[in-house]
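Residue-level structure breakdown
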Number of protein chains: 2
Amino acid sequence: MRDRHLTSEKKPTVNDIARVAGVSLATVDRVLNARPGVRSVTIEKVNEAIAELGYVRDTAAANLARKRLYRLLFILPDTANEFVVALKAAIAEQGAKLHHQRTTLDALSVPPFDPQAIVDALDGLDAARIDGVAVFGPETPSVRDAVRRTRARGIAVVAFVSDLPSSDRDHFVGIDNIAAGRTAAKLMGRFVRGKGRILVITGSRLARDHLERRTGFDAVMSREFPHLEVMASIEGRDDPDLIRQMLPDVFDAYPDIRGIYSSAAGNPGLIRFLDAAGPHDDLVVIAHELTAASRAALERGVFDAIISQDTGHLVRSATRLLKATADRVPFDDTQERIRIDIYLRENMPAA
Amino acid sequence: MRDRHLTSEKKPTVNDIARVAGVSLATVDRVLNARPGVRSVTIEKVNEAIAELGYVRDTAAANLARKRLYRLLFILPDTANEFVVALKAAIAEQGAKLHHQRTTLDALSVPPFDPQAIVDALDGLDAARIDGVAVFGPETPSVRDAVRRTRARGIAVVAFVSDLPSSDRDHFVGIDNIAAGRTAAKLMGRFVRGKGRILVITGSRLARDHLERRTGFDAVMSREFPHLEVMASIEGRDDPDLIRQMLPDVFDAYPDIRGIYSSAAGNPGLIRFLDAAGPHDDLVVIAHELTAASRAALERGVFDAIISQDTGHLVRSATRLLKATADRVPFDDTQERIRIDIYLRENMPAA
DNA sequence: TTGAAAGCGCTACCAC
DNA sequence: GTGGTAGCGCTTTCAA
């Protein structure tokens, strides 16, 4: 029994429209692309034909004829942290593939935690040479203004990984970080046995994603696991060495720490500390982002769970959204929703 | 600082090849498509030009000229179970989108748990009208043979959701079900407090995916959580009513059940049972596939976790793989790997 | 305000 | 064996 037969006869083309409407190809094209210089009566005729035939434009053919190029840029912090490195790798990889599909992806690194660098980068963009830009950076008034100016110049802008106020950017590509924090808390609460303290390592107060994770984490911990005490965050600035240095003192001062939530980057520092401290069956460690380092830690049982977002999906989604925005066409909401991935050792994908 | 500049000058076309090789467009095309009737010297010349220029074919243009259509078929069990229904919805949705990209997706429902029905369906396929088929069904010798025959007739075949031996199908689109079972076990073991029994509900002995999940589940439970006793599976045949009927007796006989692993479909029956039994804070329930029913159960705290696979991704991946196989072109391994998703209430995506 | 015709990159048919 | 040429569905001069 055939459920559906989506196969149809033959799809109508611009020629069919021209014939039915009794006009030329050029006129059909003018109407299709909302170009000026067509009498409204004619526009009507053409639109009727389009509706009657159920015409849908063949984007591939259109882009071929138009020699349309999508030139997209990713602005990322210039840091060695594993997640950002993975992101850049994903951009390069996608870029290589999309290169043959009339799309170029570039990456621009700017000093981390430096709003002005992002502002300068955005203001330096040439609207004649760039169609869209994905921005991964702090949310400050100056950045917001620069984003607005960029969009005003006709360049599509999406907030990448860390959101900017929705009134400013065209879209946000990333996870719901409050939900990610809540997820970490739920796992922490269910994994930890007995009472004790929970240490939270964060990155920067300027990073909206870090703040949101902390908010979500605290909400679930206090409501569902009040027997666990969440301590004030230590700010690691995504720096492994700094984190490695800070931890011994913290553990000396609070021997009853039962869980660590590493909500930002810099995991290698945490891992070095944990390895030096030796086996710790009663300590639950939950971190963010599946990278070579965190993957190994999960494998060895040093980490108990990893909350992650798929870098490939992030890049593909940003690309699709930027293109759709540049073309002023709709997109598929559900496909662009980035999942909050949970990885245990058991469901880690092969490297 | 610009990290990479992937933008390149201008991509070489068939015309460039013709010019450089000193032959005509037609000959270039013959070489490109491995058509007969070209002297090997000429082939050499053309190939050198191709290498020298770094030519890469523009698939969009080629498909346009070729009027290439991809006619793909999904063979699925004719059942009302939530997962299969979601799959069909995803096929219809993708189909509507791909329809304008020279690709048609059809779905064919066959009686569930019936190898012969699949064999008949495959043997009934017209190679002149179908380019590829995704098969979701039991792994039996007769099915394997039919898959072989189908491929021999030039139709691409991927195993869908439940694997077939790798020697038979072109690819497998689905999760590693052993790992999925292991994942469920790890969550179960860490969530359950104290000792007790774990009940496993399975679907059918014929379904390879169900068997694999059970295998993985048992392995982790026995090794890491020996204080929990995993009981013999009850076979629910993915039937909510049957499951609803069986459960009361099981719980009467074993009052110390502390966890339920619903490894197949039919979750609505389990949910009805749990609702009737009332609140149960000390019972951990882990099920498969995020559907309307399971999502609601997770939301209400009736389920503790859901192991899932993204139906949209499954369909998109099967489609890409079938096309790539039909075209004999390579594909991107990492993008086709279906993740084992873990959902808690906290990271459930919006409906 | 409209139309004819060339062309995007590639394929395919028909001659030579 | 090889080459010219029309054409896929759409856009874009250039004339009219």
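Model, not experiment: these values are computed from the prediction. (Residues numbered from 1 in each chain as written. Chains lettered and ligands numbered in written order. Predicted model: local features only at pLDDT ≥ 70, side-chain atom pairs only at ≥ 80, totals over all residues. Heavy atoms only, no water.)

1. Quick word on the protein's contact with DNA strand D
Lining the immediate environment of DNA strand D, one finds 26 residues, of which Val 14, Asp 29 and Tyr 55 of chain A together with Arg 30 and Arg 39 of chain B sit closest. Close to the protein, within 4 Å, the atoms of DNA strand D are drawn from sugar and phosphate at a rate of 67%. A distance of 3.1 Å separates a phosphate oxygen of DNA strand D from a polar side-chain atom of Arg 66 of chain A. Of all elements in the fold, only helix 2 (25-32) and helix 4 (59-66) of chain A together with helix 2 (25-32) and helix 4 (59-66) of chain B reach the threshold of two or more residues within the surface near DNA strand D. Taken together, the residues of the surface near DNA strand D sort by class into 12 nonpolar, six polar and eight charged. (Near = heavy atom within 4 Å. Polar contact = N/O pair within 3.5 Å; in protein donor to acceptor, adjacent residues only side chain to side chain. Helix = DSSP H or I, 4+ residues; strand = E, 2+ residues; numbered from the N terminus. Nonpolar A, V, L, I, M, F, W, Y, C, P; charged D, E, K, R; others polar.)

2. Some details on the protein's contact with DNA strand C
Not every one of the 26 residues close to DNA strand C is listed here, only the nearest: Arg 30 and Thr 42 of chain A together with Val 14, Asp 29 and Tyr 55 of chain B. The share of sugar and phosphate among atoms of DNA strand C within 4 Å of the protein is 67%. One of the side-chain N or O atoms of Thr 42 of chain A is found 2.5 Å from a phosphate oxygen in DNA strand C. At 3.1 Å, a side-chain N or O of Arg 66 of chain B approaches a phosphate oxygen of DNA strand C. For the surface near DNA strand C, the elements supplying multiple residues, two or more each, are helix 2 and helix 4 of chain A together with helix 2 and helix 4 of chain B. A per-element tally of the surface near DNA strand C places helix 4 of chain B first, with four residues. The residue makeup of the surface near DNA strand C, split by class, is 12 nonpolar, six polar and eight charged.

3. Some thoughts on the domain arrangement of chain A
All names here are of chain A. For chain A, the assigned domains read domain 1 (2-56), domain 2 (68-174 + 311-338) and domain 3 (177-308). Domain 2 puts 13 residues into the contact, and the matching count from domain 3 is 13 residues. Buried area between domain 2 and domain 3, summed over both chains or domains, comes out near 1,200 Å², and the portion from carbon and sulfur atoms is 57%. One can count one salt bridge joining domain 2 with domain 3. Its salt-bridge partner being Arg 208, residue Glu 139 comes within 2.9 Å of it at the nearest N-O pair. (Domains from an automatic or database assignment. Contact = heavy atoms within 4.5 Å. Buried area = accessible area lost by both parts, 1.4 Å probe. Salt bridge = Lys/Arg side-chain N within 4 Å of Asp/Glu carboxyl O.)

4. Thoughts on the side chain of Thr 319 of chain A
Residue and element names in this part refer to chain A. For Thr 319, the location among the structural elements is in helix 13 (residues 311-327). Note on Thr 319: relative accessible area 4%, which makes it buried. The contacts of Thr 319, once residues within four sequence positions are left out, are Leu 72, Phe 74, Leu 98, Thr 103 and Leu 105. (Buried < 20%, exposed > 50% of the residue type's maximum accessible area, 1.4 Å probe, protein only.)

5. Section: unusual backbone geometry
All names here are of chain A. Of note in this structure, Lys 67 is not a glycine but carries a positive phi near 55°. Structurally, Lys 67 can be placed in the loop between helix 4 and strand 2 (70-77). Its relative accessible area of 67% is what places Lys 67 among the exposed residues. Despite not being glycine, Arg 237 shows a phi value in the positive range, around 50°. Arg 237 sits in the partly exposed class, given a relative accessible area of 40%.

6. Re the interface of chain B and chain A
If you look at the interface, chain B gives 62 residues, while chain A gives 62 residues. Contact between chain B and chain A buries roughly 5,500 Å² in total, counting both sides, with carbon and sulfur atoms accounting for 46%. With a shortest N-O distance of 2.7 Å, Lys 97 of chain B and Asp 332 of chain A are connected by a salt bridge. Between chain B and chain A we count 17 residue pairs in polar contact (both at pLDDT 80 or more) in total. Breaking the side of chain B that touches chain A down by element, the ones donating at least two residues are strand 1 (2-4), helix 4, helix 5 (82-98), strand 3 (103-110), helix 8 (177-191), helix 9 (208-224), helix 14 (333-336) and strand 13 (341-343) of chain B. Element by element, the count of residues in the side of chain B that touches chain A is highest for helix 8 of chain B, at eight residues. Its residues assigned to classes, the side of chain B that touches chain A comprises 23 nonpolar, 14 polar and 25 charged.

7. Some words on the pairing of strand 10 (residues 257-262) of chain A
All names here are of chain A. The buried count for strand 10 comes to five of six residues, which makes it a mostly enclosed element. Examined bridge by bridge, strand 7 (residues 196-202) and strand 10 share five bridges and lie parallel to one another. Bridge pairing in strand 10 links Ile 201 to Ser 262. Of the strand pairs in this sheet, strand 10 and strand 11 (residues 284-288) are connected by four bridges, and their pairing is parallel. (Pairing = 2+ DSSP bridges.)

8. Regarding the side chain of Glu 289 of chain B
Turning to its location among the elements, Glu 289 of chain B is positioned in the loop between strand 11 (284-288) and helix 12 (292-300). Setting aside chain neighbours within four positions, we find Glu 289 of chain B in contact with Phe 83, Arg 213, Ser 294, Ile 306, Ile 307, Ser 308 and Gln 309 of chain B.

9. Here's the deal with the pattern of salt bridges
As enumerated under the stated definition, the model contains 60 salt bridges over all chains in all. In this structure, Arg 102 of chain B and Asp 58 of chain A form a salt bridge, with 2.7 Å as the shortest nitrogen-oxygen distance. Pair noted here: Arg 102 of chain B is in the loop between helix 5 and strand 3 and Asp 58 of chain A is in the loop between helix 3 (40-53) and helix 4, and the two residues belong to different chains. Of the residues examined, Asp 58 of chain A reaches a relative accessible area of 18% and is grouped as buried. For Glu 229 of chain B, the salt bridge goes to Arg 197 of chain B, with nearest N and O atoms at 3.3 Å. Taken together, the residues Glu 229 of chain B in strand 8 (residues 228-230) and Arg 197 of chain B in strand 7 (residues 196-202) connect sequence positions 32 residues apart. With a relative accessible area of 43%, Glu 229 of chain B lands in the partly exposed category. Overlapping salt bridges bring together Asp 310, Arg 339 and Asp 341 of chain A together with Asp 310, Arg 339 and Asp 341 of chain B as one network.

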